[in-house]
Protein chains: 2
Amino acid sequence: MDQNITIEDVAKLAGVSRATAGRVVGGYGNTSEKSREKVLQAVKELNYRPNLVAQGLRGQSTKTIAVILGSIKNNYCNHLIYAVEKEAQKKGYNVIICNTHEDIRQEIRHLQNMYSRQVDGIVMMSACRTDEEIEEQYKELYSGETPIVFVDRKIKGLTSCVIQSNNELASYEATKYLLELGHQRIGILATEDYSTVNERIKGYKRALEENGIVFNPKNIQFAAQSEKNKVAEMTAKLLREKSQVTAIYVLNNSLCAGVLSELKRQKKNIPEDISLLVWDDEDLNELLEITTVVQPIEEIGKMAINKLIHDMRTKKGAEESTKEILDSHIIYRSSCKKVNS
Amino acid sequence: MDQNITIEDVAKLAGVSRATAGRVVGGYGNTSEKSREKVLQAVKELNYRPNLVAQGLRGQSTKTIAVILGSIKNNYCNHLIYAVEKEAQKKGYNVIICNTHEDIRQEIRHLQNMYSRQVDGIVMMSACRTDEEIEEQYKELYSGETPIVFVDRKIKGLTSCVIQSNNELASYEATKYLLELGHQRIGILATEDYSTVNERIKGYKRALEENGIVFNPKNIQFAAQSEKNKVAEMTAKLLREKSQVTAIYVLNNSLCAGVLSELKRQKKNIPEDISLLVWDDEDLNELLEITTVVQPIEEIGKMAINKLIHDMRTKKGAEESTKEILDSHIIYRSSCKKVNS
């Protein structure tokens, strides 16, 4: 491959403008089929391959955005990636995905790797826990020249731009709905200690308080998505006779299958024996008619990309922390039943 | 950042070997906590950042593998990525993921992007359909200097190394099981036209033939995962009275939720009204006790990484096509019922 072949050479041979050749080679925007063929023919004849990395080193855009997040197995993350890809593609960007498995060291490794590969910007759902801070020597990774937009989870002590849904309010409303149905002892199952989860718990507590119900810490149990046995065990803990829980409120969709499987094992029917309300919709929820808090994932992804592209263009990092909050809503199905309180 | 700072400078300041410094900075292998701290302190003092891209341009490993595949929403892909990441991490490699949405142009764009970013090797589940060939001008992307290991789907007319499960045989056995239960009219729902799907259909036909049953093309319907309405429509087609189908055999897990939702709409119970057998296990299958063909995803991912690392070391491309075939097995649950044939 001749390294000196440029996009201009390709455009010249194809008899099209540089912009058209760029669009065909970069795979973004619209061109006529005829122009496309001519450009591809020229690419082939000249054996041209765009050197994105060199472009990146020259400070030019390499038309690539990285999404770094906890786990593609998590349904919410999965949908978020789709939303991000959809908007990024519209704007002419490729998306590459990095899985942190909720491990902060893995997250840092991915960040370093992405910088070395000259991506233009990063959308991140950080693995950083609520009260955790980024170690001093890594802080610059989170606030360097390459813009980062955070989704959902903010990092303590960091100036950042966060886009998220109204976790506290939506959780308050979901709890209020259960209270109105007569449920007084509502058990919660959640993943551990992220800012989103904490906000949802705050909303739950506020609704209880407003209704004069004393919060019982034993009614909140935690487990990680990957700990299948622990999800079942914690569900069983909520269901133990003494607690008299009449509803289970699952703050993370990824725990839902585990909860359902324990309910099944104990032969508890929904909603006859126990009411169920969960966060984040998926096929299973519709199929089993589970009442669900639905976050505006499409809008979150779209806003993240547009904010990121804006920051990439202005080349301005976050000078002060900002937060964009989008509304969730509840889809009422048949998994919550009226009880005598 | 001073571009002239090297890993040797870091090692010297930290008072450790170059190899130790490399392991800490690259985030792979084992080092003592003490060495780790010393190296990280030196990294900070010198403001050192490894230039992976420059390493890649010098023909050195950049310790990164890309996985390019159809859709992270597909449960099988999802598990495959985990298996690949697990093995890659053990061997000291980072993994980055690219979603093609089963679009060959998107796949080509990702390939170009990954080459430009100097990844060491690629694991690919191609979006290329059975009878499709790669356009001539893109062929070199699929057989260049960077090793590629293909999972599941082979590409026509390309010398390649493919790792997959025994699709034909496992499908033959699944069909035989249904036949032994007395089902003679077995409806199939599948995604369109990939080599894996075709092999599964071959196994199905072989089992029918051995049992003297004439294959009815109307008993096979196709839909893509993303076409939710079409999955329901095609399921309804299989269930229309004239066809007298007594079992539905779903060749791709991603279609399962759509089938279940149509069965529910028609108030058909499993297995009383219709038997159900699907490919690839997930939480839902266990929860609903669906009999399932399970592919050895862990082993496929592990083998893909080990083959890839081997090819990366020997710097030898595929000189002849090879195929590694691993065994699937069936988990028998309660979704298939005996019928009078």
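Thresholds, definitions, all that
- Residues numbered from 1 in each chain as written.
- Chains lettered and ligands numbered in written order.
- Predicted model: local features only at pLDDT ≥ 70, side-chain atom pairs only at ≥ 80, totals over all residues.
- Heavy atoms only, no water.
- Helix = DSSP H or I, 4+ residues; strand = E, 2+ residues; numbered from the N terminus.
- Buried < 20%, exposed > 50% of the residue type's maximum accessible area, 1.4 Å probe, protein only.
- Contact = heavy atoms within 4.5 Å.
- Areas by Shrake-Rupley, 256 points an atom, 1.4 Å probe, with all protein chains shown as cover.
- Pairing = 2+ DSSP bridges.
- Axes fitted to C-alpha atoms, helices over the stretch in contact; angles between N-to-C directions.
- Parallel < 35°, antiparallel > 145°, perpendicular 65-115°, else oblique.
- Left-handed = near helix turned anticlockwise from the far one by under 90°.
- Nonpolar A, V, L, I, M, F, W, Y, C, P; charged D, E, K, R; others polar.
- Expected span 1.5 Å × (residues − 1).
- Buried area = accessible area lost by both parts, 1.4 Å probe.
- Salt bridge = Lys/Arg side-chain N within 4 Å of Asp/Glu carboxyl O.
- Polar contact = N/O pair within 3.5 Å; in protein donor to acceptor, adjacent residues only side chain to side chain.
- Least-squares fit on C-alpha atoms with pLDDT ≥ 70 in both.
- pLDDT = per-residue confidence, 0-100.

Side note on the overall build of chain A
Regarding its fold elements, chain A presents 13 helices and twelve strands. Projected onto its principal axes, the C-alpha coordinates of chain A cover approximately 80 × 45 × 30 Å. Counting every position in chain A, which comprises 341 residues, the buried fraction comes to 55%. In chain A, once contacts between residues fewer than 6 apart in sequence are set aside, the share between residues at least 24 apart is 75%. By element, 46% of the accessible surface of chain A is carried by carbon and sulfur atoms, the whole surface being about 15300 Å².

Examining the pairing of strand E6 (residues 186-190) of chain A
Residues and elements named next belong to chain A. Within E6, five of the five residues are buried, leaving the element largely enclosed by the surrounding structure. Of the two faces of E6, the one holding Ile186, Ile188 and Ala190 and the one holding Gly187 and Leu189 are both buried throughout. Here E6 runs beside strand E8 (residues 247-250); their pairing, made up of four bridges, is parallel. Following the sheet pairing, isoleucine 188 is matched in E8 by tyrosine 249. Sheet topology places E6 next to strand E7 (residues 220-222); three bridges connect them, and they run parallel. From the neighbouring strand, isoleucine 188 faces E7, where its bridge partner is isoleucine 220.

A word on the sheet that holds strand E7 (residues 220-222) of chain B
Residue and element names in this part refer to chain B. Spatial ordering of the open sheet is given by E7-E6-E8-E9-E10-E12, a layout of six strands whose pairing is mixed. Of all the strands in the sheet, just E7 and strand E12 (329-331) have a single pairing partner and so form its edges. Each adjacent strand pair in this sheet contributes to an overall mean axis angle of 20°, direction not counted. Relative to strand E9 (residues 275-279), helix H8 (residues 167-180) is tilted by about 170°, and along the sheet it contacts strand E6 (186-190), strand E8 (247-250), E9, strand E10 (291-294) and E12.

Concerning the packing of helix H1 (residues 7-14) of chain B against helix H3 (residues 33-46) of chain B
Residues and elements named next belong to chain B. Put simply, H1 and H3 touch, their axes get as near as 8 Å, and they point 120° apart. When the interaxial angle is binned, H1 and H3 end up oblique. Classified by chirality, the crossing of H3 by H1 is right-handed. Along its contact with H1, which presents Asp9, Val10, Leu13 and Ala14, the element H3 presents Lys38, Val39, Ala42, Val43, Glu45 and Leu46. Looking at side-chain class alone, the contact of H1 with H3 contains seven nonpolar, no polar and three charged residues.

With respect to H8(B)
Residue and element names in this part refer to chain B. Over its 14 residues, H8 runs 20 Å from end to end, which matches the ideal 20 Å to within 8%, given 1.5 Å per residue. Of all the positions in H8, only Asn167, Ala170, Ser171, Tyr172, Ala174, Thr175, Tyr177, Leu178 and Leu179 are classed as buried. Within two residues after H8, glycine 182 carries a phi angle of roughly 100°, on the positive side.

What about the interface of chain A and chain B?
Across the boundary between the two partners, chain A contributes 58 residues, which contact 58 residues of chain B. Roughly 5300 Å² of surface becomes buried between chain A and chain B when both sides are summed, with 50% attributable to carbon and sulfur atoms. Among the residues of chain A in contact with chain B, A:Tyr82, A:Arg117 and A:Leu287 are the three that bury the most area, contributing 14% of the side total. Seen at the junction of chain A and chain B, the total is six salt bridges. As a salt-bridge pair, B:Asp283 and A:Lys228 come within 3.3 Å of each other at their nearest N and O atoms. Where chain A packs against chain B, one counts 26 residue pairs in polar contact (both at pLDDT 80 or more). Among the elements that line the side of chain A that touches chain B, the one with the most residues is helix H6 (residues 104-116) of chain A, at nine residues. Its residues assigned to classes, the side of chain A that touches chain B comprises 21 nonpolar, 20 polar and 17 charged.

Remarks on the pattern of salt bridges
Scanning the entire structure with this criterion turns up 32 salt bridges over all chains. Note that B:Lys228 is salt-bridged to A:Glu286, the shortest N-O span being 3.4 Å. Of this pair, B:Lys228 sits in helix H10 (residues 228-239) while A:Glu286 sits in helix H12 (residues 283-287), on two different chains. With a relative accessible area of 47%, B:Lys228 lands in the partly exposed category. Classification of A:Glu286 as partly exposed rests on a relative accessible area of 45%. One salt bridge in this structure joins B:Glu102 and B:Arg153, with 2.9 Å as the shortest N-O distance. Taken together, the residues span a long stretch of sequence, with B:Glu102 in the loop between strand E2 (94-99) and helix H6 (104-116) and B:Arg153 in the loop between strand E4 (148-151) and strand E5 (161-165) at a distance of 51 residues. Where salt bridges share partners, they join A:Glu87, A:Lys90 and A:Lys91 into one cluster.

Describing the relation of the copies chain A and chain B
Look at the two chain copies: a rotation about an axis and a shift along it is all it takes to match them. The transformation that overlays chain A on chain B combines an axial shift of 0.1 Å with a rotation of 180°, and the residual RMSD is 0.1 Å. Taken together, the rotation and translation describe the operation of a two-fold axis. Of the C-alpha atoms belonging to chain A, the one lying closest to the rotation axis is found on A:Ile97, 2.4 Å away. Of all interface residues in chain A, 100% are interface residues in chain B too; the two copies therefore contact each other through one and the same surface.

Focus: the environment of B:Lys73
Residue position: B:Lys73 is located in the loop between strand E1 (64-69) and helix H5 (75-90). A relative accessible area of 32% means that B:Lys73 is categorised as partly exposed. Among residues more than four places away in sequence, those in contact with B:Lys73 are A:Asn78, A:His79, A:Tyr82 and B:Gln225.

Things to note about the environment of B:Asn216
Here B:Asn216 shows up in the loop between helix H9 (195-210) and E7. Counting along the chain gives 30 residues from B:Asn216 to B:Ile186, while the straight-line C-alpha distance between them is 9.4 Å.

Things to note about the confidence of the model for chain A
In this model, chain A carries a mean pLDDT of 89, and residues with pLDDT of at least 70 account for 93%. Listed scores for the predicted complex are pTM 0.83 and ipTM 0.81.

A few points about unusual backbone geometry
In this model, A:Ile270 is joined to A:Pro271 through a cis peptide bond whose omega is 0°. As for its placement among the helices and strands, A:Pro271 is situated in the loop between helix H11 (256-265) and strand E9 (275-279). Residues other than glycine seldom take positive phi values, yet B:Asp193 does so here, at roughly 50°. Its place among the elements puts B:Asp193 in the loop between E6 and H9. By relative accessible area, which is 31% here, B:Asp193 ends up partly exposed.

Notes on the packing of helix H5 (residues 75-90) of chain A against helix H13 (residues 297-314) of chain A
All names here are of chain A. Viewed as axis vectors pointing N to C, H5 and H13 meet at an angle of 50°, and their least axial separation amounts to 8 Å. The pairing of H5 with H13 is recorded here as oblique in orientation. Classified by chirality, the crossing of H13 by H5 is right-handed. For the pair H5 and H13, the contacting residues are Tyr76, His79, Leu80, Ala83, Val84, Lys86, Glu87 and Ala88 in the first and Ile297, Glu298, Ile300, Gly301, Lys302, Ile305 and Asn306 in the second. Here the residues of the contact of H5 with H13 sort into eight nonpolar, three polar and four charged.

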